[in-house]
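# Observations on the three-dimensional arrangement
One letter stands for each residue in the lines below.
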Amino acid sequence: MQRTLSILKPDVTRRNLTGAVNGRIESAGLRIIAQRRIHLSLEQAQQFYAVHQERSFFNDLCTFMSSGPVVVQVLQGENAVEQYRKIMGATNPANADEGTIRRDFAESIEANSVHGSDSFENAGIEIAFFFSQMDIVG
């Protein structure tokens, strides 16, 4: 069993699609073992996405991620990182496969509905950013 971080972005919470997206996650065989609805400050978004601070999209990403509530959650399942990335779809929803979360729900490349850890190592770091071990009930 593996764990990964999922963030349902402000475009999902604004449109009341949290349940629809989580339905896709659970239908794919991943369990939601921790979950919180929060509103990131700009500083918290900058800290979380610090790995991208030199990239051209950094400021826009952080502004977007702090523009409204998000749902942070820990997913668990077989090859959870890879499995979640598969059901999320490509970063650019126009390039995402049919039936993926981003293809079906994203508004744009920036407002692309979900974030998922890109590796097992980063999943541990990202989960620890939002959750203590006591918050995770697996």
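One can find the structure itself at the top, above this paragraph.
Residues numbered from 1 in each chain as written. Predicted model: local features only at pLDDT ≥ 70, side-chain atom pairs only at ≥ 80, totals over all residues. Heavy atoms only, no water.

### Remarks on the environment of Gly-19
Within the secondary structure layout, Gly-19 lies in helix α2 (residues 18–27). You can call Gly-19 exposed: its relative accessible area is 56%. Placed 62 residues apart in sequence, Gly-19 and Val-81 show a C-alpha to C-alpha distance of 21 Å. (Helix = DSSP H or I, 4+ residues; strand = E, 2+ residues; numbered from the N terminus. Buried < 20%, exposed > 50% of the residue type's maximum accessible area, 1.4 Å probe, protein only.)

### Regarding the layout of surface pockets
Empty space within the largest pocket amounts to approximately 710 Å³. For the lining of the largest pocket, the elements supplying multiple residues, two or more each, are α3 (42–48), α4 (58–65), α5 (80–88), β4 (114–116) and α7 (120–130). The element that contributes the greatest number of residues to the lining of the largest pocket is α7, accounting for 4 residues. (1 Å grid on protein atoms, 1.4 Å probe; cavity = no way out; pocket = protein on both sides within 12 Å on 5 of 7 lines; lining within 4 Å. Points joined across faces, edges and corners; volume = space filled by probe spheres on them.)

### Topic: the nonpolar core
Judged by nonpolar contacts, the single largest core of 22 residues is most densely connected at Ile-7, Tyr-49, Met-65, Phe-130 and Phe-131. Counting only elements with at least two residues in this core, the list comes to β1 (2–8), β2 (31–38), α3, α4, β3 (70–77) and α7. At 5 residues, the largest contribution of residues to this core is made by α4. In this view, Phe-130 contacts Leu-5, Ile-7, Arg-36, Ile-38, Leu-40, Phe-48 and Val-72; residues no more than four positions away in its chain are not counted. Membership of the second largest hydrophobic core comes to 15 residues, among which are Ile-25, Leu-75, Ala-80 and Val-114. (Core = buried A, V, L, I, M, F, W, Y, C linked by side-chain atoms within 4.5 Å. Contact = heavy atoms within 4.5 Å.)

### Regarding the pattern of salt bridges
Here the structure, examined in full by the defined rule, presents 5 salt bridges. Notably, a salt bridge pairs Glu-107 with Arg-14, separated by 2.6 Å at the nearest N-O pair. Taken together, the residues Glu-107 in the loop between α6 (101–105) and β4 and Arg-14 in helix α1 (residues 10–14) connect sequence positions 93 residues apart. Where salt bridges share partners, they join Asp-11, Arg-14, Arg-15 and Glu-107 into one cluster. (Salt bridge = Lys/Arg side-chain N within 4 Å of Asp/Glu carboxyl O.)

### Describing α4
Buried within α4 we find Phe-58, Leu-61, Cys-62, Phe-64 and Met-65. What you see down the axis of α4 is that its buried residues fit within an arc of 160°, all on one side. Packed against the buried residues of α4 are β1, α1, α3 and β3. (Arc of directions from axis to C-beta.)

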